[in-house]
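Here is how the chains run, residue by residue.
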Amino acid sequence: MTTQYTHRITLAVPESLLDVANHLALLAGESPSDINTFTNLSYQDESGNLYAVCSAVSKPIVPMMLENGLMVVEKEGVDMTKAQAALDEIHAGNIKLAVDLPPLEAFKTWGLEKIPDLEETI
């Protein structure tokens, strides 16, 4: 069986960019709930900056959009200015993006570590 989902994309979004990243996720995603993709700040860098992460399979259109720019589309709930701001932050390296790299390898490359759950430390 063939699938249209031929890539794995992994992103790490710093706390200050969650809102714009969620608009890009909504634009690229397939469900209205994609506006809530980046909410759980579960990773941190060595300076203690918090990140929300996501790794998912994607259709080729998503990496193409990330490389070639946003397509002008009407999609309910998407703020195109915020989606473009997120894309700009990816290109600037402030939102981390890896295509077809195992997620844990990407997190390690970026110097991100999972924040231990409170329950795990008790």
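Residues numbered from 1 in each chain as written. Predicted model: local features only at pLDDT ≥ 70, side-chain atom pairs only at ≥ 80, totals over all residues. Heavy atoms only, no water.

Moving on, we get to unusual backbone geometry. For Asp100, which is not a glycine, the phi torsion comes out positive at approximately 60°. With respect to the helices and strands, the residue Asp100 is situated in the loop between β4 (96–99) and α4 (103–110). Judged by its relative accessible area of 44%, Asp100 falls in the partly exposed class. (Helix = DSSP H or I, 4+ residues; strand = E, 2+ residues; numbered from the N terminus. Buried < 20%, exposed > 50% of the residue type's maximum accessible area, 1.4 Å probe, protein only.)

Let's shift gears to the pattern of salt bridges. In this structure the tally under the stated criterion is 2 salt bridges. Across the salt bridge formed by Lys82 and Asp19, the nearest N and O atoms sit 2.6 Å from each other. Remark: Asp19 occurs in helix α1 (residues 18–28) and Lys82 occurs in helix α3 (residues 80–92); sequence separation between them is 63 residues. What makes Lys82 partly exposed here is its relative accessible area of 28%. (Salt bridge = Lys/Arg side-chain N within 4 Å of Asp/Glu carboxyl O.)

Looking now at the confidence of the model for the protein chain. Per-residue pLDDT for the protein chain averages 91, and the proportion of residues at 70 or more is 94%. By mean pLDDT, helix α5 (residues 118–121) is the weakest element of the protein chain at 53, and α4 is the strongest at 98. (pLDDT = per-residue confidence, 0-100.)

Remark: α1 packs on helix α2 (residues 61–68), axes separated minimally by 11 Å, with the N-to-C direction vectors making an angle of 130°. One finds that α1 runs oblique with respect to α2. As for the relative orientation of α1 and α2, their crossing is right-handed in sense. When α1 is examined against α2, the residues Leu24, Leu27 and Ala28 are found in contact with a partner set consisting of Val62, Met65 and Leu66. Residue classes in the contact of α1 with α2 are distributed as 6 nonpolar, no polar and no charged. (Axes fitted to C-alpha atoms, helices over the stretch in contact; angles between N-to-C directions. Parallel < 35°, antiparallel > 145°, perpendicular 65-115°, else oblique. Left-handed = near helix turned anticlockwise from the far one by under 90°. Contact = heavy atoms within 4.5 Å. Nonpolar A, V, L, I, M, F, W, Y, C, P; charged D, E, K, R; others polar.)

In spatial order, the strands read β4-β1-β3-β2-β5; together these 5 strands make up an open sheet with antiparallel pairing. On the outer flanks of this sheet lie β4 and β5 (113–114), each paired with one strand and no other. Looking at chain direction, strand β1 (residues 7–14) and β4 are connected through 4 bridges and run antiparallel. Looking at the pairing, Ala12 lines up with Lys96 of β4. (Pairing = 2+ DSSP bridges.)

Our focus in this paragraph is the nonpolar core. Counting 23 residues, the largest nonpolar core has Val13, Leu24, Phe38, Leu70 and Ile95 as the members making the most contacts within it. Among the secondary structure elements, those contributing two or more residues to this core are β1, α1, α2 and α3. Considering every element that reaches this core, the biggest residue donor is α1, with 7 residues. In contact with Leu24, not counting residues within four places along its chain, are Met65, Leu66, Leu70, Ala83, Ala86, Leu87 and Ile90. Within the second largest apolar cluster, 8 residues are counted, among which are Ala12, Tyr43, Ala106 and Phe107. (Core = buried A, V, L, I, M, F, W, Y, C linked by side-chain atoms within 4.5 Å.)

Attention now goes to the layout of surface pockets. With a probe scaled to a water molecule rolled over the atoms, the places where space remains empty come into view. The computed volume of the largest pocket comes to approximately 550 Å³. Ile9, Ala25, Ala28, Gly29 and Val62 are, among the 27 residues lining the largest pocket, the residues nearest its centre. The set of elements that each furnish at least two residues to the lining of the largest pocket consists of β1, α1, β3 (50–58) and α2. Top contributing element to the lining of the largest pocket by residue count: α1, with 5 residues. Its residues assigned to classes, the lining of the largest pocket shows 20 nonpolar, 3 polar and 4 charged. (1 Å grid on protein atoms, 1.4 Å probe; cavity = no way out; pocket = protein on both sides within 12 Å on 5 of 7 lines; lining within 4 Å. Points joined across faces, edges and corners; volume = space filled by probe spheres on them.)

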